[in-house]
Number of protein chains: 2
Amino acid sequence: MTPIEIALAEAAAAAARGEVPVGAVVTDAAGTVLAQAGNEVEARRDPTAHAEILALRAAAARLGSPRLPGCTLTVTLEPCPMCAQAASFFRVKRLVFGAYDPKGGGVEHGARIFAAPSCHHVPEVIGGVRESDCAELLRQFFAARR
Amino acid sequence: MTPIEIALAEAAAAAARGEVPVGAVVTDAAGTVLAQAGNEVEARRDPTAHAEILALRAAAARLGSPRLPGCTLTVTLEPCPMCAQAASFFRVKRLVFGAYDPKGGGVEHGARIFAAPSCHHVPEVIGGVRESDCAELLRQFFAARR
């Protein structure tokens, strides 16, 4: 599976657990999967337990390093400002995301974390990958809850 | 001790461990300390282990709730964008901080998290409390490392 397919599978698994369906994966420069995670906000009762944060932390723990140079963070949804800043702190080389998030996103919307002159490390950003599949998971999840 | 004094003590303890001296404390509406923490980025090799994140998580775990309504987060340094967004997610009522951080801050500087129209919960913000004491800890720490 490609990274975005792994992230989509993590998002679908999150939805099945009653979590907002967002999934993330960290791959190294060779494309090896270092860590993957789905959203665990409800299970952990922790609003910082976003898929990105969990995957970044797990990847760093696996490498034994707080830095992930050369690595790519792939996520099904445009990261929020918290996760975008975390991706910068972890020094990921590239951020790939699926659906855009005009309401909660912090990359192309809202706080636009990487556009701030004080953002010390700015990853390459590729948005809109498998956008409709990623967005459809979210749409179905919220439609079922209404 | 007042919350900012507790946060200052946590920051001093962090410096003694070789961590950038930032401390944070979460108090409830009655002023009871729910959690306190110092920066643990180096010890955990985790750039998300900021004092604020650790204190917010611990307070939420203590209450058994992902929301901290009525609570105040007091921190020695203006939070970065990651921590400011986390404070919003945890729904803290008030953010009190000591030193301003023009380079890394995300409240009065940089991404200005709470100023984004898409920020769903904006706490009351009081900056500059015991500013010189909080800044002096940081100045001494970095001066000793040069």
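Residues numbered from 1 in each chain as written. Chains lettered and ligands numbered in written order. Predicted model: local features only at pLDDT ≥ 70, side-chain atom pairs only at ≥ 80, totals over all residues. Heavy atoms only, no water.

With an unreviewed UniProt entry as reference, chain A is termed tRNA-specific adenosine deaminase, source organism Neoroseomonas lacus. A UniProt comment under Catalytic activity (unreviewed entry) is attached to chain A, and it reads "adenosine(34) in tRNA + H2O + H(+) = inosine(34) in tRNA + NH4(+)". (UniProt positions renumbered as here; feature names shortened; annotations may be inferred.)

1. Observations concerning the interface of chain A and chain B
By a widespread convention, an interface's size corresponds to the accessible area lost as its parts come together. Contacts between the two partners involve 26 residues from chain A, matched on the other side by 25 residues from chain B. Between chain A and chain B we count two salt bridges in total. Put simply, Arg57 of chain B and Asp46 of chain A hold a salt bridge, and the shortest N to O gap is 2.8 Å. For the side of chain A that touches chain B, the secondary structure elements donating two or more residues are helix H3 (51-63) and helix H4 (81-89) of chain A. (Contact = heavy atoms within 4.5 Å. Salt bridge = Lys/Arg side-chain N within 4 Å of Asp/Glu carboxyl O. Helix = DSSP H or I, 4+ residues; strand = E, 2+ residues; numbered from the N terminus.)

2. As for the relation of the copies chain A and chain B
Of the two same-sequence chains, chain A is brought onto chain B (RMSD 0.0 Å, axial shift 0.0 Å) by a rotation of 180 degrees. Within this description, the copies of the chain are treated as partners about a two-fold rotation axis. Residue Met82 of chain A, judged by its C-alpha, is the member of chain A lying nearest the rotation axis, at 2.0 Å. (Least-squares fit on C-alpha atoms with pLDDT ≥ 70 in both.)

3. Focus: helix H1 (residues 3-16) of chain A
Residues and elements named next belong to chain A. Between its first and last C-alpha, H1 extends 20 Å over 14 residues, near the 20 Å set by a 1.5 Å rise per residue. Among the residues of H1, those classed as buried are Ile4, Ile6, Ala7, Leu8, Glu10, Ala11 and Ala14. Next to the buried residues of H1 lie strand E1 (23-27), strand E2 (33-38), strand E3 (72-77), strand E4 (94-99) and helix H5 (131-145). Gly18, located one to two residues past H1, shows a positive phi value of around 85 degrees. (Expected span 1.5 Å × (residues − 1). Buried < 20%, exposed > 50% of the residue type's maximum accessible area, 1.4 Å probe, protein only.)

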